[in-house]
Amino acid sequence: MVKVTIDGTEIEVEAGSTILQACEQAGREVPRFCYHERLSIAGNCRMCLVEVEKSPKPVASCAMPVNDGMVVHTDSPQVKKDREGVMEFLLINHPLDCPICDQGGECDLQDQSMGYGMGQNRYDENKRAVDEKNMGPLVKTVMTRCIHCTRCVRFASEVAGVDEIGAIGRGEDMEITTYLEAALTSELSANVIDLCPVGALTSRPFAFTARPWELKKTETIDVMDAMGSNIRVDARGREVMRVMPRLNEDVNEEWISDKTRFACDGLKYQRLDRPYLKQDGKLVAAEWDDALDIVAAKVKATEPSKIAAIVGDMASAETMKALKDLMASLGSANVDCRQDGGYAEAGNRASYLMNSTIAGVEDADAILIIGSNLRAEAPLLNARIRKRWLDGGLKVGNVGTPADLTYTVQQLGAGPETLADLAAGNGAFFNILQNAERPLILVGSGAVARADGGDVLGTARALADKVGAVSGDWTGFGVVQTAASRVGGLDLGLVPGDGGRDTAGIIAGAQSGEVELVFLLGADEIDTDQLGNATVVYIGTHGDNGAHRADVILPGAAYTEQDGTYVNMEGRVQRARRAVFAPGQAKEDWAILRALSGLLDAPLPYNSRDQLVAAMVEDVPHLGALDQLAAATWGSFGTTGDLAGAAPFADPIADFYLTNPIARASKTMAACSKQRLELTAQGEGRRNA
Amino acid sequence: MSVRRLVPGLGPDSFEFTPENQEWAQKQIAKYPAGRQQSAVIPLLDQAQRQMDGWLPEAAVRYVADYLDMPYIRVYEVATFYTMFNLKPVGKVHVQVCGTTPCWLRGAEDLKEVCRRKMGVDKDQGPSEDGTYSWTEMECLGACVNAPMIQVDDETYEDLTVERFEALLDELAKDKSAPKTGPQIDRQFSAPAGGPTVLKKGDA
């Protein structure tokens, strides 16, 4: 610790921190453009100049480490003059187009020029103009506004791990661009929009649609993957206009994936906004009463063992609780929250959680990835691993399909055989894991969603035990879930009861006629063509696979349209909030199930969401502990079986941009998907070394 | 200084070092520690430019990036930063006229006028009609004492006058190695014009 005096206040700061960090600690605001906590220090905007006693010149506080006894002034007349000078230079070439700039209202340059600028312009030459650059379908560029802070360049190469943005030319001619204006290929690319302190990089889908001050902001949780990224949904009227990241150091830091950010336009298209009934092979609009009556009649006429329910990937815990209670009251054990049929032991949380926690990845020193393309399945988790890798000393091994994960990966093998071999103590990577202080074994959701998933999980668990991955406060084992609903569903025990059918069993039963009524709660990722002659009731939001096959459609609410509890892959309980109302006659999912139960003369014992939440918490107490991590007890799980000759692991996600009904309805995601396909077809014209 | 950008589609589709240059490039890379091969990017780009008779096509930028295992954009940054890399074809005699203050005060504008008149093209406008000349303006080339000056390939020609520069251009067009390099007047390097003025033998 060193002592520094900032504006007359003496404080102790950690040795090695910068003056800017010390000023923040002392509660003094220092303006900045290029400095960002999560990026390397560039020191090129000069906005953070402060006066340091005995220093002949003003000092860029972001790049200067503190010394013991340093006396810093952030509010002297000299500092004010310095900052006005820097601001004047920055504004020389910055256009005065705030009225037509999408950054207006949330622009660092705008704010800081109000706070630190001199309020007048002495420059009467022509400003420079810079051509707009193509950066793909997500990032819109107006490069004349660029102040060359290079945050985007550093983000792309450091956090996203794709060296694709650079500054070409020099001096007056410096321009930020990609190589010959190729589109960005990162799943995190749109974070540069938030990083850009001016309006040079803005959101293309959001361009010219709304001003930040007209938007109603709702802090909620994302459901596009199982990260549980903290987001803010900005809505105007009944329309979700955009999604922004929220800071949560333990989950998403301050990044979100492009799908999280831009799939929201899918909430506008393909929506189920009223009930439909299938008549003569065609879906016909119906009234709620008629639709519910038909479903109730069908339920009453069907034996409980012939009723089944499959839960989709974006259902909230409340919805699943209501479904669980409804199915229990009907006496059916045929319920499954695993569309992909992933192996998990519902009573054993350690068997389906990411036990190390997401932030815990930064403590690992050797990671084995089994059957998972993390870049597509959990881009932010992948970014965490890259962050850890950049710190040095991390070894990563991969069993499965080789992929460019943006860090060095030892490809160990393609299938379960390699895993079995490692678990038997063979191979150099076994030694790496064994010698590591905190080894971490990550099992992809695709690796357990196979016929031999239990064996894969059991073998991976055995490997974890063998290399000492679980010791003291470190549980170096995790399943990387891809569905936002999955952990919540398993916590609630939405798995087949005694004699019940799982997803595959339900589909087979429907095919053979042993299951006559199937509820699909937003379940679109199953092969709906295989449901035979069963009556399908689809409760969901989008006209996707499930709705196309449905006999009755009961329109539900999307994640932005109802409160809901979600448990992310590490077991963190978070609550999503309603940002807008569901369109048309669509209702909140739990209300649909509650109404149906009323018609079945077995009303669910809750009449409001609050009562439902209370019932849910009573059932599973940890669902009431918001933002808490309840550590799972490590134990034995998985099955033992011979993995010799098993098929190689396959990626569960074929297209990162199209993994759920909302994303598939999104025009932006479709454009991204098309772009990615084109790049792949060109053999990726450029490289991300 | 001119705006310098790669022009996609200009030049060959592919580029490869000649065997001699491959060998040369390996020697450059060997100067740096293992894994730091990227440090050799400037020498390699320069060698590629020499192989291409004075300019650097897009294919060469990609080739050098692949050769050094670098992202394309990083090499592009280097190629556009240094004005010595020509991203468009140049004439057989590519004249780099220094236009920074000392040369400017001593008549660089006149030299530029000679270029325009003699070559028929303005700066950075590519080669003259017969492909003999092209010219560009550089920032300070470090021979201020002998201003005004120009550089052609690796040689500088200093203390120029309009007449001498015109003649020099003709000589260079015939044979690049023919003209005397360095100061074009009676002086040695940057020593006083007309011979030494101090420390003369025999002077008391």
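Here's what I pulled together on the structure shown here. Everything quoted here is computed from the prediction, not taken from an experiment.

### Quick notes on the packing of aromatic side chains
All chains considered together, the criterion is met by 14 aromatic pairs over all chains. Plain terms: the ring middles of Trp634(A) and Phe637(A) are 5.3 Å apart, the flat faces sit at 80° to each other, and that makes the pair edge-to-face. The class for Phe637(A) is buried, based on a relative accessible area of 1%. Members of the aromatic cluster, each reached through a chain of ring pairs, are Phe15(B), Phe17(B), Tyr63(B) and Tyr67(B). For Arg170(A), the ring lying beneath its charged end belongs to Phe81(B), and the centroid distance is 5.0 Å.

### Focus: empty space enclosed by the protein
Residue and element names in this part refer to chain A. Applying the stated criterion across every chain, the model contains six cavities of 30 Å³ or more. Counted as a void, the largest cavity has a volume near 180 Å³. Where the lining of the largest cavity is concerned, the elements lending two or more residues are β25 (535-540) and α20 (661-665). The biggest single contributor to the lining of the largest cavity is β25, with three residues. Grouping the amino acids of the lining of the largest cavity by side-chain chemistry returns eleven nonpolar, four polar and two charged. Roughly 100 Å³ of internal volume is contained in the second largest cavity. If you go around the second largest cavity, you meet 15 residues; those closest to its centre are Pro-137, Leu-138, Leu-184, Tyr-657 and Cys-672. In terms of residue count, helix α21 (residues 667-681) provides more of the lining of the second largest cavity than any other element does, four residues in total.

### Topic: the sheet that holds strand β10 (residues 216-221) of chain A
Residue and element names in this part refer to chain A. Reading across the sheet, the three strands line up as β10-β11-β12 and stay open at both edges, with antiparallel pairing between neighbours. A strand with exactly one partner marks an edge of an open sheet, and here the two such strands are β10 and β12 (239-245). The mean inter-strand angle of the sheet, taken between neighbouring strand axes irrespective of direction, is 30°. Where strand β11 (residues 230-236) and β12 come together, six bridges link them in antiparallel fashion. Within β12, the residue paired with Arg-236 across the bridge is Glu-239.

### What about the packing of helix α4 (residues 151-160) of chain A against helix α10 (residues 379-391) of chain A?
Residues and elements named next belong to chain A. Direction vectors running N to C along α4 and α10 enclose 90°, while the axes themselves pass 9 Å from each other. Between α4 and α10, the interaxial angle falls into the category roughly perpendicular. Residues Ser-157, Glu-158, Val-159 and Ala-160 of α4 pack against Ala-383, Arg-386 and Leu-390 of α10.

### Quick notes on the nonpolar core
Soluble globular proteins tend to bury their nonpolar side chains together. Residues Ile367(A) and Leu381(A) are the most contacted members of the largest nonpolar core, which totals 114 residues. Among all residues touching Ile367(A), those that are not within four sequence positions of it are Val361(A), Ile385(A), Leu394(A), Lys395(A), Val396(A), Gly397(A), Phe429(A), Leu440(A) and Leu442(A).

### A word on the interface of chain A and chain B
Contact residues are listed per partner, giving 20 residues for chain A and 23 residues for chain B. Taken over both partners, the interface formed by chain A and chain B buries close to 1800 Å², and the fraction arising from carbon and sulfur atoms is 56%. On the surface where chain A and chain B come into contact, there are two salt bridges. Across the pair Asp163(A) and Arg74(B) runs a salt bridge whose closest N-O atoms are separated by 2.3 Å. The interface formed by chain A and chain B contains eight residue pairs in polar contact (both at pLDDT 80 or more). Those elements that provide at least two residues to the side of chain A that touches chain B are α4, β7 (165-168) and β8 (175-178) of chain A. The biggest single contributor to the side of chain A that touches chain B is β7(A), with four residues.

### Some remarks on helix α18 (residues 589-599) of chain A
All names here are of chain A. For α18, every residue scored as buried is listed here: Asp-589, Trp-590, Ile-592, Leu-593, Arg-594, Leu-596 and Ser-597. Its buried side turned inward, α18 meets α7 (288-301), α8 (317-330), β24 (517-521), β25, β26 (552-555) and α19 (609-619). Once α18 ends, the next one or two residues include Asp-601, with phi positive near 60°.

### Details of the pairing of β24(A)
All names here are of chain A. Counting buried positions along β24 yields five of five residues, so the element is predominantly enclosed. Here β24 shows a buried face lined by Leu-517, Phe-519 and Leu-521 and a second buried face lined by Val-518 and Leu-520. One ladder, built from five bridges, connects strand β15 (residues 307-311) with β24; its direction is parallel. Residue Ala-308 lies in a different strand from β24, and its bridge partner there is Val-518.

Calculation rules
- Residues numbered from 1 in each chain as written.
- Chains lettered and ligands numbered in written order.
- Predicted model: local features only at pLDDT ≥ 70, side-chain atom pairs only at ≥ 80, totals over all residues.
- Heavy atoms only, no water.
- Phe/Tyr/Trp six-rings, centres within 6.5 Å; stacked < 30°, edge-to-face > 60°.
- Buried < 20%, exposed > 50% of the residue type's maximum accessible area, 1.4 Å probe, protein only.
- Lys NZ or Arg CZ within 6 Å of the ring centre and 35° of its normal.
- 1 Å grid on protein atoms, 1.4 Å probe; cavity = no way out; pocket = protein on both sides within 12 Å on 5 of 7 lines; lining within 4 Å.
- Points joined across faces, edges and corners; volume = space filled by probe spheres on them.
- Helix = DSSP H or I, 4+ residues; strand = E, 2+ residues; numbered from the N terminus.
- Nonpolar A, V, L, I, M, F, W, Y, C, P; charged D, E, K, R; others polar.
- Pairing = 2+ DSSP bridges.
- Axes fitted to C-alpha atoms, helices over the stretch in contact; angles between N-to-C directions.
- Parallel < 35°, antiparallel > 145°, perpendicular 65-115°, else oblique.
- Contact = heavy atoms within 4.5 Å.
- Core = buried A, V, L, I, M, F, W, Y, C linked by side-chain atoms within 4.5 Å.
- Buried area = accessible area lost by both parts, 1.4 Å probe.
- Salt bridge = Lys/Arg side-chain N within 4 Å of Asp/Glu carboxyl O.
- Polar contact = N/O pair within 3.5 Å; in protein donor to acceptor, adjacent residues only side chain to side chain.

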